[in-house]
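# Descriptive analysis of the structure
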Amino acid sequence: MNKALTQTDFHFEGQTNVYHGKVRDVYSVKNDLLVMVATDRISAFDVVLPKGIPYKGQMLNQIAAKFLDATADIVPNWKLASPDPMVTVGLRCQGFPVEMIVRAYLCGSAWRAYKAGARELCGVRLPEGMRENQRFPEPIITPTTKAELGLHDEDISKAEILARGLVSKEDYELLEQYTLALFRRGTEIAARRGLILVDTKYEFGKRDGKIYLIDEIHTPDSSRYFYADGYQERFDRGEAQRQLSKEFVREWLMDNGFQGKAGQQVPEMTDAIVDSISDRYIELFENITGESFDKADNTDLAARIAHNVEEYLKTV
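Residues numbered from 1 in each chain as written. Predicted model: local features only at pLDDT ≥ 70, side-chain atom pairs only at ≥ 80, totals over all residues. Heavy atoms only, no water.

### Points about the overall build of the chain
Cut-off, in case you're wondering: A run of DSSP states H or I qualifies as a helix once it reaches four residues; a run of E qualifies as a strand once it reaches two. Both are numbered from the N-terminal end. Our radius of gyration looks at C-alpha atoms and nothing else; its globule reference is 2.2 Å times the residue count to the power 0.38. When accessible area is computed with a 1.4 Å probe and restricted to protein chains, residues below 20% of their type maximum are described as buried, those above 50% as exposed, and intermediate ones as partly exposed.
Scanning the chain from terminus to terminus reveals 8 helices and 17 strands. Taking 316 residues into account, the globule formula puts the C-alpha radius of gyration at 20 Å, and the chain, at 20 Å, falls close to it. Counting only C-alpha atoms and orienting by the principal axes, one finds that the chain spans roughly 60 × 50 × 45 Å. In the chain, buried positions account for 50% of the 316 residues.

### Let's talk about the sheet that holds strand E2 (residues 24-29)
So the rule is basically this: A pair of strands is considered paired only if DSSP assigns at least 2 bridges between the two. With axes taken as lines fitted to C-alpha atoms, and helix axes fitted only over the stretch in contact, angles between N-to-C directions fall between 0 and 180 degrees. The contact criterion used is simple: two residues touch if any of their non-hydrogen atoms lie within 4.5 Å.
Within the open sheet, the 5 strands sit side by side as E1-E2-E3-E7-E6. Their pairing is antiparallel. This sheet does not close on itself; its edge strands, each paired only once, are strand E1 (15-20) and strand E6 (79-84). Recorded for the sheet is a direction-independent mean angle of 20 degrees between the axes of neighbouring strands. Where E1 lies against E2, 5 bridges are found, and the strand directions are antiparallel. Within E2, the residue paired with glutamine 15 across the bridge is valine 29. This element, helix H8 (residues 301-313), spans E2, strand E3 (33-38), E6 and strand E7 (87-91) of the sheet and lies at about 140 degrees to E6.

### Structural notes on the packing of helix H1 (residues 56-70) against helix H7 (residues 271-289)
Quick note on the threshold: We call two directions roughly parallel when the angle between them is under 35 degrees, roughly antiparallel when it is over 145, roughly perpendicular when it lies between 65 and 115, and oblique otherwise. What makes a crossing left-handed is the near helix being turned counterclockwise from the far one by less than a right angle; a clockwise turn instead makes it right-handed. When residue character is reported, Ala, Val, Leu, Ile, Met, Phe, Trp, Tyr, Cys and Pro are called nonpolar, Asp, Glu, Lys and Arg charged, and the others, Gly included, polar.
Interaxial distance between H1 and H7 falls to 10 Å at its minimum, and their mutual angle equals 15 degrees. Between H1 and H7, the angle falls in the class roughly parallel. Two packed elements cross with a definite hand, and for H1 against H7 that hand is left-handed. Facing Lys56, Met59, Leu60, Gln62, Ile63, Lys66 and Phe67 of H1, the residues of H7 in contact are Ser278, Tyr281, Ile282, Phe285, Ile288 and Thr289. Classifying every residue of the contact of H1 with H7 by side-chain character gives 8 nonpolar, 3 polar and 2 charged.

No statement about biological role is implied by the geometric values presented.
What follows is the structure in structure tokens.
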């Protein structure tokens, strides 16, 4: 049975703080660097599931690192190095309290709102007569607030963001420019892989007065991809699209009576289920990156990570 990293308790030289998120643990070093560990935890419906998924953290970390490098000419980003397959070390920035979600197609929560009669989303007017999975004339930005752990992000408009002083007008307009440019680049890269980048989210922060792209980018946990082949035929027939995202995990949970609601129990995660989810994530990795997935040695994940990070920190 492959091992999964679900908890961390590192004590790096110069460590000043640690934050345990849903799937990533972030260690502050000297109040200047962040050591972000992508664990094998998996969440759905705002619930962390009871078992980890072997190699999931490695896959997400390596996809994010690849896309951070591939977009560094568009906007500076926080990444300095990836000293371990599950770790990125980068600059500590003061994050903006909003997430920039960009959508090129009407699906997911946007479709559910539209089907219920909404014709405006986060201050953006939506055309009449649209169908599920239909492409927008141009990508739209639908920001959300960045909620504290355990709370839900909330849709918010540009006007509300500025009125509440969450982001200055000058900074927000730059965030919009960066968001659309990053999405264009992600769309181009996806197209070369026979994929459609449907929607994604970006997070930004500030350091020494300069805006940086932070967190992950273009991973299947933060993005939705369709297979380009067959998209139009499926759309014309009103069929569900073949997609690359962790939607299959949510579907498995819903098929087994769980949507994160009070009183519901997470279905049993057998070894077979865990292995199947791991295999699907490997499929995601290889389709998104165009590279074969090389499983790192996971005999003692914590010891490996501690060694690799400590050796890197000696050099900075």
